[in-house]
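Secondary and tertiary structure notes
Listed here are the chains, written in short residue letters.
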Number of protein chains: 2
Amino acid sequence: MKLLITSGGTSEKIDQVRSITNHSTGKLGALIAESFLARGDQVTLVTTQSAVKPASHPNLTIQIIKNVQDLLETMQPLVKTHDVLIHSMAVSDYTPIYMAGFDQITASQDLTEFLNKTNVQGKISSQDDYQVLFLKQTPKIISQVKKWNPNIRLIGFKLLVDVSKEKLLAVARASLVKNQAEIIVANDLDHISNHQHHAYLVKQDSVIEATTKEEIAQLLLTHIHAKDNL
Amino acid sequence: MKLLITSGGTSEKIDQVRSITNHSTGKLGALIAESFLARGDQVTLVTTQSAVKPASHPNLTIQIIKNVQDLLETMQPLVKTHDVLIHSMAVSDYTPIYMAGFDQITASQDLTEFLNKTNVQGKISSQDDYQVLFLKQTPKIISQVKKWNPNIRLIGFKLLVDVSKEKLLAVARASLVKNQAEIIVANDLDHISNHQHHAYLVKQDSVIEATTKEEIAQLLLTHIHAKDNL
């Protein structure tokens, strides 16, 4: 079976020296990749420079990306040639457009003018006490996966912070339906640490609870191959 | 001699899952530390988790920081107990205050209201096509060094992007005077790569040119110890 796995977090440039990064160690993605490789599957891992990588393996291919645009261009052809996508990467929701000093912003009659501006300086400098950064939404890659390949089996992830179990499961179920995923792995950052990774594997008709990264990887392996063997 | 060296780049949190990072590999700071250690000096290196570290050494102490506030609290006592500060860290000029959807911003009569707001969500979410992030200036640490310890010898750094030599030297000289530094190492990101690091060591009455990280480290070592031996 050919698996496409994403891990790590994207970074969106503000200018040549600064960027906004979504934090993700890549540990869970690396563990999942190692589990499938050990089972004899082929894995393509799309990840970031700083993410934790799996041990090298003859059936493992790694592609490094930085930002959402890279990710989109890298994933589109890969989604078409893989059987399963496990999309654990923390993808930036918004990307910088323009940054300016607060005085320039308050002097404007119409803030929409800044949505079409671009900074010309390689390093944006300002003497103002306050700065303002305008950002725009990035393309939602997970919602395009089934358009690129209706047959790919999709496992998505949803990370929230300090929410109730009900809220977490509701958001995961909405994502499951919207993106036609088989499972959404729903987790809350407040319940993730070095030694613990609490998550709910949300399917259409059931929810399975896991408490470690190893358990999440094992449950995904079992799910994917159980269905495979039917 | 006791040297305090800073390297890497600070990260300022937007929320629990995103932050703005100033990029810096830490390679130059690590090389400088190794040069002084080899000469027999004691080095305290203040750096970041992801920065390149020098080889371990009995006279090397490493302290890890994340953001400008950490850096300030860590450096203030250290500046008082060291003879020389080589401040090569890329320090964030601005730190996030508040992020909101574009609609909320445009509906406001007075944008200053957002300068006192704080996000309550651990992960800021929005359905808007555009988001706006307000940031405030961080404390300028380099300008406080001589107040904390008037006797410390200060080597500062100035990184610009795609500017003329004249502009780069002028900005470096202004920093030299303002911060009472002995040298400002002025460099342009467009002239830094894996194998090359073009820089001007700007002193009050002279400018020395360097083309590699090794050369910069060697010149700083010679400068510090030449004056030391007078």
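Cut-offs used in this document
- Residues numbered from 1 in each chain as written.
- Chains lettered and ligands numbered in written order.
- Predicted model: local features only at pLDDT ≥ 70, side-chain atom pairs only at ≥ 80, totals over all residues.
- Heavy atoms only, no water.
- UniProt positions renumbered as here; feature names shortened; annotations may be inferred.
- Helix = DSSP H or I, 4+ residues; strand = E, 2+ residues; numbered from the N terminus.
- Least-squares fit on C-alpha atoms with pLDDT ≥ 70 in both.
- Contact = heavy atoms within 4.5 Å.
- Expected span 1.5 Å × (residues − 1).
- Bend = angle between axes of the 7 residues up to and from the residue.
- Polar contact = N/O pair within 3.5 Å; in protein donor to acceptor, adjacent residues only side chain to side chain.
- Buried area = accessible area lost by both parts, 1.4 Å probe.
- Salt bridge = Lys/Arg side-chain N within 4 Å of Asp/Glu carboxyl O.
- Phe/Tyr/Trp six-rings, centres within 6.5 Å; stacked < 30°, edge-to-face > 60°.
- Buried < 20%, exposed > 50% of the residue type's maximum accessible area, 1.4 Å probe, protein only.
- Pairing = 2+ DSSP bridges.
- Axes fitted to C-alpha atoms, helices over the stretch in contact; angles between N-to-C directions.
- Core = buried A, V, L, I, M, F, W, Y, C linked by side-chain atoms within 4.5 Å.

Next up on the list: the UniProt feature "domain: DNA/pantothenate metabolism flavoprotein C-terminal" (unreviewed entry) in chain A. Under the UniProt annotation, the feature "domain: DNA/pantothenate metabolism flavoprotein C-terminal" (unreviewed entry) is placed at residues 2–97 and 113–225 of chain A. A distance of 37 Å separates the end C-alpha atoms of residues 2–97 of chain A, which is 26% helix and 33% strand.

Attention now moves to the relation of the copies chain B and chain A. You can overlay chain B on chain A at an RMSD of 0.0 Å; the transform is a turn of 180° with a shift of 0.0 Å along its axis. The transformation relating the two chain copies, once decomposed into turn and shift, fits a two-fold axis. Taking the C-alpha atom as reference, chain B places Ile20 of chain B closest to the rotation axis, 2.2 Å from it. The fraction of interface residues of chain B whose copies in chain A are also interface residues reaches 100%, indicating that both copies meet through the same surface.

This part covers helix α2 (residues 68–80) of chain B. Residues and elements named next belong to chain B. In a regular helix each residue adds 1.5 Å, so 13 residues correspond to 18 Å; α2 covers 18 Å between its end C-alpha atoms and thus fits that length. Approximately 25° is the largest bend angle found in α2, and it occurs at Thr74, with the proline Pro77 only one to four residues beyond. Residues of α2 that are buried make contact with β1 (2–6), β2 (11–13), β4 (42–47), β5 (60–64), β6 (84–87) and α4 (145–148). For α2, the N-terminal cap is Asn67; the gap from its side-chain oxygen to the backbone nitrogen of Gln69 is 3.2 Å.

Quick look at the interface of chain B and chain A now. In this complex, chain B contributes 37 residues to the contact, which on the side of chain A involves 37 residues. Surface buried jointly by chain B and chain A totals about 3300 Å² across both partners, of which 61% is contributed by carbon and sulfur atoms. When residues of chain B are sorted by the area they lose upon contact with chain A, Val17, Tyr94 and Tyr130 of chain B head the list and together hold 16% of the total. On the surface where chain B and chain A come into contact, there are two salt bridges. We note a salt bridge from Arg18 of chain A to Asp93 of chain B, for which the minimum N-O separation is 3.7 Å. In this assembly, chain B and chain A are joined by 18 residue pairs in polar contact (both at pLDDT 80 or more). At the level of secondary structure, the elements contributing two or more residues to the side of chain B that touches chain A comprise β3 (18–22), β7 (94–101), α3 (102–106), β8 (130–137) and β9 (153–160) of chain B.

Let us now look at helix α1 (residues 27–38) of chain A. Along its 12 residues, α1 of chain A runs 16 Å from first to last C-alpha, staying within 8% of the 16 Å computed at 1.5 Å per residue. In the segment just after α1 of chain A, Gly40 of chain A is the residue with positive phi, at about 105°.

How two aromatic rings sit relative to each other is given by the distance of their centres and the angle of their planes. By the definition in use, this model includes eight aromatic pairs over all chains. Here Phe102 of chain A and Tyr130 of chain A contribute two aromatic rings whose centre-to-centre distance is 6.1 Å and whose plane-to-plane angle is 65°, an arrangement assigned as edge-to-face. Of this pair, Phe102 of chain A sits in helix α3 (residues 102–106) while Tyr130 of chain A is found in strand β8 (residues 130–137), placing the two residues 28 residues apart along the sequence. A relative accessible area of 7% means that Phe102 of chain A is categorised as buried. Of the residues examined, Tyr130 of chain A reaches a relative accessible area of 26% and is grouped as partly exposed. Seen from their ring centres, Tyr98 of chain B and Phe114 of chain B are 6.0 Å apart, and the 10° between their planes marks the pair as stacked. With Tyr98 of chain B in strand β7 and Phe114 of chain B in the loop between α3 and β8, the pair connects residues that are 16 residues apart, well separated along the chain. We note that Tyr98 of chain B, like Phe114 of chain B, is buried. One aromatic cluster is present, formed by Tyr98, Phe114 and Phe134 of chain A together with Phe102 and Tyr130 of chain B through successive ring pairs.

In space, the four strands of this open sheet follow the order β7(A)-β8(A)-β8(B)-β7(B), with antiparallel pairing throughout. Only two strands of the sheet have a single partner each, and these edge strands are β7 (94–101) of chain A together with β7 of chain B. Neighbour-to-neighbour, the strand axes of this sheet turn through a mean angle of 25°, independent of strand direction. Pairing analysis gives seven bridges linking β7 of chain B to β8 of chain B, with the strands arranged antiparallel. When the bridges of β8 of chain B are listed, Met99 of chain B appears paired with Leu133 of chain B.

A few words now on the nonpolar core. The biggest cluster of nonpolar side chains holds 28 residues, and the ones touching the most others in it are Leu71, Met75, Val79, Leu85 and Ile141 of chain B. For this core, the secondary structure elements donating two or more residues are α2, α4, β9, α5 (165–178), β10 (183–192) and β11 (197–202) of chain B. The element contributing the most residues to this core is α2 of chain B, with six residues. Core analysis: the second largest hydrophobic core is formed by 27 residues, Met75, Leu78, Ile152 and Leu168 of chain A among them.

Glancing now at unusual backbone geometry. Phi is positive for Gln180 of chain A, which is not a glycine, with a value near 55°. When you line up the elements, Gln180 of chain A lands in the loop between α5 (165–178) and β10 (183–192).

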